Each structure stands twice: as C-alpha cells, then as structure tokens.
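These are the residues of each chain, in order.
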Amino acid sequence: MTGKDSVVLVDKGTMPKIVSTDEKGTAANTLATVESQQPDKAAERGKAMRQVIAAFIANIGTISTGLIFGFSAVVIPQLQAADSLIPVDESQASWVASLSAIGTPIGCLLSGFVMDNFGRKKALIATQIPTIIGWITIACASNVSMIYAGRVLTGFGSGMVGAPARVYTSEVTQPHLRGMLCALASTGISLGVLIQYTLGAFTTWKILSGLSVMVPVLALLLMLLMPETPNYLVSKQKPEKALKSLAKLRGSSYNIEREVDQLKAFAAKTNATGKKKLGFRETIEALVHPSSLKPFAILTIYFMMYQFSGVNTITFYAVEIFRDSGTTMDKYTCTILLGVVRLIFTIVGAILLRRCGRRPLTFISGVGCGCTMVGLGVYLYFKYQWDHSVPPIEPTATWFPVACIFIFIITCTVGFLIVPWVMIGELYPMRVRGLVGGFTTCMAHSFVFIVVKTYPLLTHLLERHGTFILYGCFSFAGTVFFYLCLPETKGKSLQEIEDYFSGRIKTLKKAKPGRGNGTGPDGTDGQQLLTVEKNKLLP
C-alpha cells in the first residue's frame, strides 16, 4: 500500500468506519458532508423554558412543606408566652412540633397509590386539599386540640406532595435539566421555612396560618393548567396523549415522535405496559425486584442518617436552640438569617448538583454536619459547666455556637436537603415509581417525627450537649455508608439507572467517548460523533 489519508467515522453504538482517500482534499470534503448531515444539538433538546415552568408549578406545593416545617419554630414561643391565648406546656409543645410528621407518612403512602393509578398531575392537585383545610383549622383554633388536628392535616398534605412533585419533575424534564430542576422541591421547602421565620417574627400565629393557606390554593389552580407526564401516559398505553403532552413540554421544533417511540420501546422492554393497572401479584413482584429493593434500601438508610444528623431539630426548634445556646444576638434575628442562609445554599446546591454530582455533595454534608454538631455539643458542654459552677461563669465566645449552627445549615443544605429527594425521582423503576416513591417519603417523614419528638427526651437523658454530639456521630457514620453504597446518577437517563439496578448494565460510571451523553430519553443526544484522523499508512 502507498501512503494515504484515512477518515474515521464513528457512529454512536457502531464500530468505527475507515474511509480511504486517494486524492488530496477528499477527506476534508467527506468531513464537511457528514457534518452537514448532523442535526442541530439545540433541536435535539426541547425548549428549556417550558420544562422550567412546568417544574416550578409542580413544586409550588413544596413551599407549603417549608411553611409547615418552620411553623412550630415560631408558634411554640408564642404559645408558651405568659399572654398566650392557648397556653401549652413542654409536652404539648413537642406535640405541636411533631404531629405534622405523623400525618406525613400516611400522605406519602396514599400519594404513591394515587400517582400510579390516577396520574402524577391528579396526585399533585389532590394533595393541596388537606393542606388548605389544615391551615384553615389552625387559623380558627380555639384550643390546642384544633392546632393538633390542623398540624396532622397539613402534615398529611405535606406527605402527599413530596413524591409527586419530584416524580413529575423528573418525568417532564430532560436529563441535562433534571438534576437542577428536581432540586426545586428542596428550594421550595427552604423558601417556605424562610417565609415562616420572617413573618412569624412580626405576626401572630393565627395570622400566619391564614397567610399560609394562600400557597396551596395557588398550587392547586396552576396545576390544573399543566399536562400529565409522557412517561405515565405511555405506561398506560396512551401514546397519542403522550405526544400532546410532549408538544407542550418540548416545543414544536423538537422530535416528539422519536422520544415517545423510545419511551414505548423501553416500556415494552421492562414490561411496563402489559396492563393498564398492575394486579396485586404483579405489584408485589415489582416491589421485591432488585430494581426496586436496592434503591429503596439505599434511600431509606440515607434518609435515616441525614434526619439523625439533627437538621429538623434545628429547623423545628430554631428559636429555642438559639435562646439556649448562650448567644447575645436576638433569637428571632438569628432564626430569620438562618432561613436566608438555608434558601441561598439550597439554590447553590441545586446548581452544584448539575456540575458536581450527587456523591461529592453528600460527602460535604456528612463531614460538615458531623464536625459542626460535635463542635456545638462541645461548646454546650462547657456552657453547662459554666452555668452550674458556683458562682456561675459568664459564657465566652458566644459567637461560636451560632457559627456552628450556620455552618451546619450550609453544609447540610447543599447535600442532605437536596440529593436524596432528587434521587426519589431517579432511582425507581417506571412500573412502581410512584408507589415506591411514596414508601420512601413515608420512611423519610417517619424519621422526621422520631427525631423531632425525641429531641426533648434526649435533652433530658443526655443534656443538650450530648444530644448534638450524638447527631454528629450519626453524620460521620452516614458518610462511611454513602462512600460505600451511594451510586452517582449525574447525567444518566432514567432508563440507564433502572437498567443498572436491574442488573442489565454493570456500572453507572461515566461513559467513554462514543456513548450517549444523556440528553435524550435513551441516554443519547441523537448526534454522530465524528472524528477525522490523518493517518499515514505504512508502505
């Protein structure tokens, strides 16, 4: 052979093709011809703004969850005040704080059933009704029992909204947007907490309850205008409606037929469309399949570890904790600033989630929460010694516990408050995504109830310093678990993730060049990867 140039054409999923060129310049012409046939990458992705709007509307209800979380922090000091209309003791106050978490697991389980049988959209609409009734009940309360009832109802609604909001967002968005937009749920919760902390410093709890009812009303009305997710419609053998849904979510220039065909092909591969509704036996088989059990075990342990890091103890008892920390700063000012920091770093975490992935942010949270909780516990131990010395010693470095709490919220927010909630919409198989997502949020909020309710008990058994050191130890233990067991799902399609847990593929590690980049439903971007190598062949 004589020296020649060769053009190497690499089509994704195929073997490289080598085209020899006899004349000078033919390689360049070949390259130009092939490049001209490549589809515009922007056209391969639907209109981002439509997906952003859909995700924002789906997650308005999560603001109510933040309002519910932050309510007890500001209402308990008002109820325990000498001039309270409904005075409460320490035991009653702990029930006011924790009762919302009793209703939440029930709502989580119901939301899974509603999602899989009636659709994601209807689940998001239904969840607002008990929340509205609950806030009205609290606003009209004349005794502590009515507050209890209202907290259970709002918690029930909070449980119902968690999984549907995240599943809806994950199914209407494309992989390059999914991680960031699924984090909107955590952003909504942080925004709700901030709103409640701020308004609670200036208004009574009755007015606060009346204002809070506006959010679920808005969420209900806007959700009526949104389409059902194409994934759900395909799973129910409604491809025509799926096409209409995608047209609204992706825009007219996007190839919606190709995406629906890919969804149908994957549903057929996983037998997700065999029946419009799974029977009891089929449901149990799907639930005990490794593609469901493995991610359920991972996320359940994740939620347990992160809840026992103390995040909701800080959230639910913020005013009380700042009061008892020994700081000279105003406790309500500290609480409002805490809400601002939480909101800012939730947004930062959502951005970092797209750039850094799930595992690095989780490690930051685990180590950061562990160090700050142990640091806070050590300071409170010395404060305990100072308070019980004779005569009492004036606390020093009162900025330190405040710094520990703020750094705790920062590190916790960028990982723990975002990653597991995003993964609820990512890890589970299509056939039972709603049901297992409901089970997972049920477990998560069960841990919330346990942590919030046991905090007063632990402070009596271990004192405050021992309680916070215990929380720090949980964070360190969780970090070890996350390092060993947590998969990285950044940039992966929902189908790739399901294939991984089903055992159809061995790893979720970053694909080598020549594989899909995850911009389409099947994990590809629909474009050829073209490389031209100038190889001088040996004579």
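Residues numbered from 1 in each chain as written. Predicted model: local features only at pLDDT ≥ 70, side-chain atom pairs only at ≥ 80, totals over all residues. Heavy atoms only, no water.

Take the confidence of the model for the protein chain next. Residues at a pLDDT of 70 or more form 85% of the protein chain, whose mean pLDDT is 81. Taken as a whole, residues 1–39 scores under 50 in pLDDT and shows 69 contacts with residues more than four places along the chain or in a different chain. Every residue in residues 511–539 is under pLDDT 50, and counting partners more than four places away or in other chains gives 82 contacts. (pLDDT = per-residue confidence, 0-100. Contact = heavy atoms within 4.5 Å.)

The next subject is a nonpolar patch on the surface. Taken together, the side chains of L191, I195, L199, I207, L211 and M214 make up a nonpolar region of the molecular surface, amounting to roughly 470 Å² of accessible area. Breaking the nonpolar patch down by element, the ones donating at least two residues are α11 (184–200) and α12 (205–212). Summarising the element assignment, I207 is placed in helix α12. Of the residues examined, I207 reaches a relative accessible area of 48% and is grouped as partly exposed. (Patch = residues over 30% accessible without salt bridge, like charges linked within 9 Å, V, L, I, M, F, W, Y side chains within 5 Å. Areas by Shrake-Rupley, 256 points an atom, 1.4 Å probe, with all protein chains shown as cover. Salt bridge = Lys/Arg side-chain N within 4 Å of Asp/Glu carboxyl O. Helix = DSSP H or I, 4+ residues; strand = E, 2+ residues; numbered from the N terminus. Buried < 20%, exposed > 50% of the residue type's maximum accessible area, 1.4 Å probe, protein only.)

As a further point, take the packing of helix α4 (residues 60–79) against α11. Running from N to C, α4 and α11 point in directions that differ by 30°, and their axes come no closer than 6 Å. The orientation of α4 relative to α11 falls into the category roughly parallel. When you trace α4 past α11, the crossing you get is right-handed. Every residue of α11 that contacts α4 at T62, I63, T65, G66, L67, F69, G70, F71, A73, V74 and Q78 is listed here: L184, A185, G188, I189, L191, G192, V193, I195, Q196, Y197 and G200. The residue inventory of the contact of α4 with α11, partitioned by class, reads 13 nonpolar, 9 polar and no charged. (Axes fitted to C-alpha atoms, helices over the stretch in contact; angles between N-to-C directions. Parallel < 35°, antiparallel > 145°, perpendicular 65-115°, else oblique. Left-handed = near helix turned anticlockwise from the far one by under 90°. Nonpolar A, V, L, I, M, F, W, Y, C, P; charged D, E, K, R; others polar.)

Okay, the packing of aromatic side chains next. Under the counting rule described, the total for this entry stands at 22 aromatic pairs. Geometrically, the ring pair formed by Y500 and F501 is edge-to-face, given 5.0 Å between the ring centres and 65° between the ring planes. A relative accessible area of 26% places Y500 in the partly exposed class. The buried category is assigned to F501, whose relative accessible area is 4%. One aromatic cluster is present, formed by Y302, F303, Y306, F416, W421, F481 and F482 through successive ring pairs. (Phe/Tyr/Trp six-rings, centres within 6.5 Å; stacked < 30°, edge-to-face > 60°.)

We now examine unusual backbone geometry. The omega torsion across V390 and P391 is -10°, close enough to zero to call that bond cis. Mapping P391 onto the fold places it in the loop between α22 (358–387) and α23 (399–414). Of note in this structure, Q237 is not a glycine but carries a positive phi near 60°. Mapped onto the elements of the fold, Q237 is located in the loop between α14 (230–235) and α15 (239–250). A residue is classified by how much of its surface remains accessible, and Q237, at 41% relative accessible area, is partly exposed. Within the chain, E463 stands out as a residue other than glycine whose phi angle is a positive 65°. Inspection of the secondary structure assignment puts E463 in helix α25 (residues 433–485). Residue classification places E463 among the partly exposed residues on the basis of a relative accessible area of 30%.

This part takes up α12. For α12, every residue scored as buried is listed here: W205, L208, S209 and S212. Looking down the long axis of α12, one finds its buried residues gathered within 100° of arc, a one-sided arrangement. Buried positions along α12 lie against α4, α8 (128–139), α9 (144–172), α11 and α13 (214–223). (Arc of directions from axis to C-beta.)

Positive charge collects at one region of the surface, where K122, K238, K241, K244 and K248 lie side by side. Of all the elements, α15 adds the most residues to the positive patch, at 3 residues. Position of K238 relative to the elements: it lies in the loop between α14 and α15. Taking the relative accessible area as the measure of exposure, K238 reaches 31% and is therefore partly exposed. (Lys, Arg positive; Asp, Glu negative; His and termini not counted. Charge placed at Lys NZ, Arg CZ, Asp CG, Glu CD.)

Its location among the elements puts A477 in helix α25. The partly exposed category is assigned to A477, whose relative accessible area is 39%. Each C-alpha atom, one on A477 and one on S309, is 10.0 Å from the other, the two residues being 168 residues apart in sequence.

The N-to-C vectors of α8 and α12 enclose an angle of 160°; their axes lie 8 Å apart at closest approach. With respect to α12, the element α8 is oriented roughly antiparallel. As for the relative orientation of α8 and α12, their crossing is left-handed in sense. Of the residues in α12, those in contact with W135, I138 and A139 of α8 are W205, K206, S209, G210 and S212. Split by residue class, the contact of α8 with α12 holds 4 nonpolar, 3 polar and 1 charged.

The next subject is the nonpolar core. The nonpolar side chains of a soluble globular protein tend to be buried, and buried together. Core analysis: the largest hydrophobic core is formed by 111 residues, its most contacted members being L79, V96, W205, Y306, I314, L338 and F468. The dominant element in this core, judged by the number of residues it contributes, is α25, at 13 residues. Counting 10 residues, the second-largest nonpolar core is a separate cluster that includes Y232, L233, A242 and A267. (Core = buried A, V, L, I, M, F, W, Y, C linked by side-chain atoms within 4.5 Å.)

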